[in-house]
Amino acid sequence: MPKKIELTPEQIEQIRGGTINESCDLMLALAAEGYGPYIKVNENRNDLLDIEGMQAFFAERGYKFIPAFGDQEQNLFIAPDGMPYGNDYVIYLLRNGQL
């Protein structure tokens, strides 16, 4: 059974990288599927998102994860076949056990 984690609303608000909502959704989807919380303190970026850990996770599955910073850009995933995908589609794959 996957290990369940719980975050306070304050911790969720501190997660940054890509748009705040995208990064939060991705981190929560990974945690909900039992892949880990991917949280670490990044004082240099002033966020709690383990981007390097997430990049390694997706690389193991053949995807290149290109995180965006700022509210104007979106996270990008390059699939093994070279096709680009957005955050929502990757979360869909995670939730359906297809990644």
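Residues numbered from 1 in each chain as written. Predicted model: local features only at pLDDT ≥ 70, side-chain atom pairs only at ≥ 80, totals over all residues. Heavy atoms only, no water.

1. Focus on the side chain of asparagine 87
Just so we agree on the cut-off: Working definition: helices are DSSP H or I runs of at least four residues, strands are E runs of at least two. Numbering for both runs from the N terminus. The contact criterion used throughout is that any non-hydrogen atoms of two residues lie within 4.5 Å.
Note that asparagine 87 resides in helix α4 (residues 87-95). Discounting chain neighbours no more than four positions away, the residues touching asparagine 87 are Glu22, Asp25, Leu26, Asn75 and Phe77.

2. Details of the pattern of salt bridges
Going by this rule: One side-chain nitrogen of Lys or Arg within 4 Å of one carboxyl oxygen of Asp or Glu is enough to make a salt bridge. To sort residues, take the accessible area from a 1.4 Å probe on protein chains only and compare it with the maximum for the residue type: under 20% means buried, over 50% means exposed, and anything in between is partly exposed.
Summed over all chains, the structure comprises three salt bridges. Across the salt bridge formed by glutamate 52 and lysine 40, the nearest N and O atoms sit 3.0 Å from each other. With a gap of 12 residues between them, glutamate 52 in helix α3 (residues 51-60) and lysine 40 in strand β1 (residues 39-42) connect regions that are remote in the sequence. A relative accessible area of 33% places lysine 40 in the partly exposed class. Across the pair glutamate 60 and arginine 61 runs a salt bridge, and its minimum N-O distance is 3.6 Å. Judged by its relative accessible area of 66%, glutamate 60 falls in the exposed class.

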